[in-house]
Each structure stands twice: as structure tokens, then as C-alpha cells.
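# Examining the three-dimensional arrangement
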Amino acid sequence: MKRILILLAFVAFLAVYALGDVMSEHWLLQCPLYHLTGWQCPICGLQRGVHAALNGQFVQAWHYNPGLWAMSPYWLLWMAGGVSAKAAAWPPVKWCSRDKVFFPALGILLLWGVIRNFI
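Scoring rules and cut-offs
- Residues numbered from 1 in each chain as written.
- Predicted model: local features only at pLDDT ≥ 70, side-chain atom pairs only at ≥ 80, totals over all residues.
- Heavy atoms only, no water.
- Helix = DSSP H or I, 4+ residues; strand = E, 2+ residues; numbered from the N terminus.
- Buried < 20%, exposed > 50% of the residue type's maximum accessible area, 1.4 Å probe, protein only.
- Areas by Shrake-Rupley, 256 points an atom, 1.4 Å probe, with all protein chains shown as cover.
- Phe/Tyr/Trp six-rings, centres within 6.5 Å; stacked < 30°, edge-to-face > 60°.
- Contact = heavy atoms within 4.5 Å.

## Observations concerning the overall build of the protein chain
- Counting secondary structure elements, the protein chain contains 8 helices and 0 strands.
- The linear arrangement of helices and strands in the protein chain, starting from the amino end, is α-α-α-α-α-α-α-α.
- Dimensions of the protein chain along its principal axes, counting C-alpha atoms only, are 40 × 35 × 25 Å.
- Across the 119 residues in the protein chain, those meeting the buried criterion constitute 29%.
- Accessible surface, the protein chain as shown: approximately 8600 Å² in total, 73% of it carbon and sulfur.

Here it is as C-alpha cells:
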């Protein structure tokens with residue numbers, strides 16, 4: 001029952017993003033770093049990118065934050081390890097969860113957050 005509720009909540013979340021107007025200034029979340037400094041954080045553009053991808057606009061989604069989309073397979077596998085014990089036992093998820101992999105991946109993401117403000 002718990003898994004069904006989680007799945008329904010996830011589907012509802014995707015529906016909100018697919019149908020909502022993420023370009024509106026009054027959307028759910030705004031980046032505090034961008035709001036205060038004008039600098040984009042490593043995940044700025046995620047909401048607009050998810051909205052574009054859910055509406056089949058994959059090129060547009062890529063342009064909102066290419067670094068994040070390039071690293072998304074890693075982060076999805078890493079998150080899967082925290083959600084499900086079965087997923088955590090899968091070798092690619094175990095590999096992603098290792099400190100020797102996680103911290104360099106986090107460093108790359110943070111470095112992307114700096115680089116994207118200069119290109």
C-alpha cells in the first residue's frame with residue numbers, strides 16, 4: 001500500500017509539472033541563490049527542464065541545464081539506492097553509492113555550477 005501511495009504521489013507530481021506553467025514567476029520554487037545574486041546554481045533550470053521533457057521538448061530541456069541532464073543517470077541511480085532495498089543491492093546502484101564515486105560526482109556538479117555562470 002505504501003508503494004502505491006508513493007507511486008501515486010510521484011505521478012501527481014509529474015502531472016503538476018507537465019500541466020503547470022513553470023514559466024510563471026509564481027511557480028512552486030525559486031532558486032534563492034539566483035534570486036539574491038543572479039548566479040545560477042548547479043540545478044537551476046531543473047523545473048523548466050522537467051516541464052519541457054514531460055512535454056516532449058527534449059532539446060529545450062537540455063538547454064535549460066545541460067550539465068545536470070548529463071549527470072542525471074548517475075543521480076537517479078544514487079537516489080534509487082535510498083528509496084528501495086532491492087535497488088540498493090543492484091551493482092550499478094552500489095557503485096554510485098560508494099564515497100569514492102559520490103564525492104567526485106558532487107564535486108563535478110558543484111564545479112558545473114560555477115562554470116555555467118561564465119559560459
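Once the structure has been displayed, the description carries forward.
## Quick word on the packing of aromatic side chains
- Tallied over the entire structure, the rule returns 6 aromatic pairs.
- Centroid distance Trp39 to Phe118: 5.4 Å. Interplanar angle 90°. Geometry classified as edge-to-face. Residue Trp39 is located in the loop between α2 (32-37) and α3 (46-54), and its partner Phe118 is located in the segment after α8 (99-115); the two are separated by 79 residues in the primary sequence.
- Owing to a relative accessible area of 40%, Trp39 belongs among the partly exposed residues under this scheme.
- You can call Phe118 exposed: its relative accessible area is 60%.
- Ring centres of Tyr74 and Trp75 lie 4.9 Å apart, and the angle between their planes is 80°; on these two criteria the pair is classed as edge-to-face. Both residues of the pair, Tyr74 and Trp75, belong to the buried class.

## Regarding the environment of Gly49
- Residue placement: Gly49 occurs in helix α3.
- Along the backbone, Gly49 and Val114 are 65 residues apart, and their C-alpha atoms lie at a distance of 19 Å.
- The contact partners of Gly49, leaving out residues within four places of it in the chain, are Ala61, Tyr64 and Trp69.

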